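# Examination of the molecular architecture
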Amino acid sequence: MITLALAGKPNCGKSTFFKAATLANVEIANYPFTTIDANHGVAYVRTPCVCRELGTTCGVCKDGVRFIPIGLIDVAGLVPEAHKGRGLGNQFLDHLRQADAILHILDASGSTDVEGNPVGAGSHNPDGDIEFLEYEMSMWLYGILEKHWSKIQRSSQGKTSSMVLSIAELIAGLGITLEQVKAVELESGLDMTRAQEPDLVRFCRRLLSVAKPMMLVGNRVDEAPDALVEGLRNKGIHFATSAGELALRNAASAGIIRYLPGDPSFSVLKPETLNPAQKAGLQRIAAVMGKFGGTGVQEALNHAIFSLLDLMVVYPVEDEHKYSDSQGRVLPDAFLMKKGSTPRDLAFRVHTEIGEGFLFAVDARTKMRVKDTHQLKDRDIIKIISTRR
Ligand SMILES: Nc1nc2c(ncn2[C@@H]2O[C@H](COP(=O)(O)OP(=O)(O)O)[C@@H](O)[C@H]2O)c(=O)[nH]1
Ligand SMILES: [Mg+2]
């Protein structure tokens, strides 16, 4: 499963974001909430379901809104010099292995210092926190390379191509591929055999930006002074109120409001059940949503999947006329796939055996056969013909 990690200093709201994003989706997408361990969960990206466009109803989406599961990891908070073992040290970096992309959660309210200690809203400029995650990650990766560097040099006998292979082998477990190492080595123009510490640190930074793309989420925006928000705005930051999203999802689960994650606003269903404090709380959230176009939590997840990772949604079906599987379930699955994926890739995604027996595919919209080299498009509905089933 495509997995995102939430990283940042302590107290920026990672766990609140995690809770908000993983909690109430059980009912929304009717997908089992899986806690693989304490800080792994299932979140969802939001997309308009194709069923509406096809003039059918699928039974999976909610009012035409489809939620597709992704993995989410709430990574241990990190402090400056974590790569040297400070705070929880390298533990957070270990969690990043499984991540396809990273949401760097910032405390946009400036209520916490660089170590995450509470200092009062507006007292710490979050601008200074932006750099440090990339720095810590680069130094962590550099530390791994450095530890094995003399061995890498010896075993590759001064040949750059062998060095690249050895590096890729060493860091394969971090979710960094040989192709990525090769591409960054080529782009760097670096003579690996003579690389010095600053060269390698730069190399590590670039490699991480390719293998673990990162986006900035300015959380706690509900308590952020305007001056801080304005200062952060031109840095490509996505603002969020995780606490607001959590409250809304809880209220929606309780049937108090009507709200789907990612909606720009909500409506109160049972005003009579609210006490004055709850009313005021919801009004505060509504005001923040009005200002930022929503709570920002769903938007951040969607941005990571559809923009940062550039994934698309493909619907596999077995009956191209009814858009259903063999049991008559309409559009039961929606897969997130890399752009450039082919019908054969989709077949393997459905099942290894289906992939191995792949013959051809049919575009369910046009009922036309598509070649296995054909690149799938976003929102494609595809029937796979395979010798196996
Ligand atoms: N006002 C406000 N407080 C938040 C928000 N997100 C988190 N917090 C608070 O920030 C503190 C730290 O949150 P937590 O999720 O434990 O942070 P973590 O250490 O990064 O996991 C808690 O007191 C949260 O209630 C938010 O969006 N708005
Ligand atoms: Mg936490």
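Residues numbered from 1 in each chain as written. Chains lettered and ligands numbered in written order. Predicted model: local features only at pLDDT ≥ 70, side-chain atom pairs only at ≥ 80, totals over all residues. Heavy atoms only, no water.

### A word on the domain arrangement of the chain
Entries for the chain in the domain assignment read domain 1 (3-126 + 214-305), domain 2 (133-210) and domain 3 (311-386). Relative placement of domain 1 and domain 3: their C-alpha centres are 31 Å apart. Tallying the contact residues gives 17 residues for domain 1 and 13 residues for domain 3. Joining domain 1 to domain 3, the criterion identifies 2 salt bridges. (Domains from an automatic or database assignment. Contact = heavy atoms within 4.5 Å. Salt bridge = Lys/Arg side-chain N within 4 Å of Asp/Glu carboxyl O.)

### Things to note about the nonpolar core
Ranked by size, the top nonpolar core spans 41 residues in total, and within it L4, F17, L103, L301, I305, L331 and I381 carry the most contacts. Structurally, this core is a two-domain feature, drawing no fewer than three residues from each of domain 1 (3-126 + 214-305) and domain 3 (311-386). If near-sequence neighbours (up to four positions away) are discounted, I305 is found in contact with I2, L4, V45, I70, D310, L311 and L336. Formed by 38 residues, the second largest nonpolar core is a distinct cluster that contains A99, Y142, L145 and I167. (Core = buried A, V, L, I, M, F, W, Y, C linked by side-chain atoms within 4.5 Å. Buried < 20%, exposed > 50% of the residue type's maximum accessible area, 1.4 Å probe, protein only.)

### Observations regarding the environment of L336
Examined against the element boundaries, L336 turns out to sit in strand β10 (residues 335-338). For L336, a relative accessible area of 5% puts it in the buried group. Separated by 332 residues in sequence, L336 and L4 place their C-alpha atoms 13 Å apart. Leave out the neighbours within four places in its chain, and L336 touches V45, I68, P69, I70, I305, F306, L311, M312, V313 and R349. (Helix = DSSP H or I, 4+ residues; strand = E, 2+ residues; numbered from the N terminus.)

### Some words on the layout of surface pockets
With a probe scaled to a water molecule rolled over the atoms, the places where space remains empty come into view. In this model, the second largest pocket occupies a volume close to 380 Å³. V317, E318, V350, I354 and I384 are, among the 15 residues lining the second largest pocket, the residues nearest its centre. Listed by contribution, the elements that provide at least two residues to the lining of the second largest pocket are β9 (311-317) and β13 (380-386). Take the lining of the second largest pocket: its biggest share by element is 4 residues, from β13. Split into classes, the residues belonging to the lining of the second largest pocket amount to 7 nonpolar, 1 polar and 7 charged. (1 Å grid on protein atoms, 1.4 Å probe; cavity = no way out; pocket = protein on both sides within 12 Å on 5 of 7 lines; lining within 4 Å. Points joined across faces, edges and corners; volume = space filled by probe spheres on them. Nonpolar A, V, L, I, M, F, W, Y, C, P; charged D, E, K, R; others polar.)

### Quick notes on the site of ligand 1
In the vicinity of ligand 1, 15 residues are found, and the nearest of them are N11, K14, S15, T16 and D222. Within the backbone of N11, a nitrogen or oxygen atom sits 2.8 Å from an oxygen atom of ligand 1. At 2.9 Å, a backbone N or O of S242 approaches an oxygen atom of ligand 1. Burial of ligand 1 by the surrounding chains reaches 71%, relative to a free accessible area of 580 Å². Elements with a minimum of two residues in the shell around ligand 1: α1 (14-22) and α10 (242-253). It is α1 that contributes the most residues to the shell around ligand 1, 3 residues altogether. (Near = heavy atom within 4 Å. Polar contact = N/O pair within 3.5 Å; in protein donor to acceptor, adjacent residues only side chain to side chain. Areas by Shrake-Rupley, 256 points an atom, 1.4 Å probe, with all protein chains shown as cover.)

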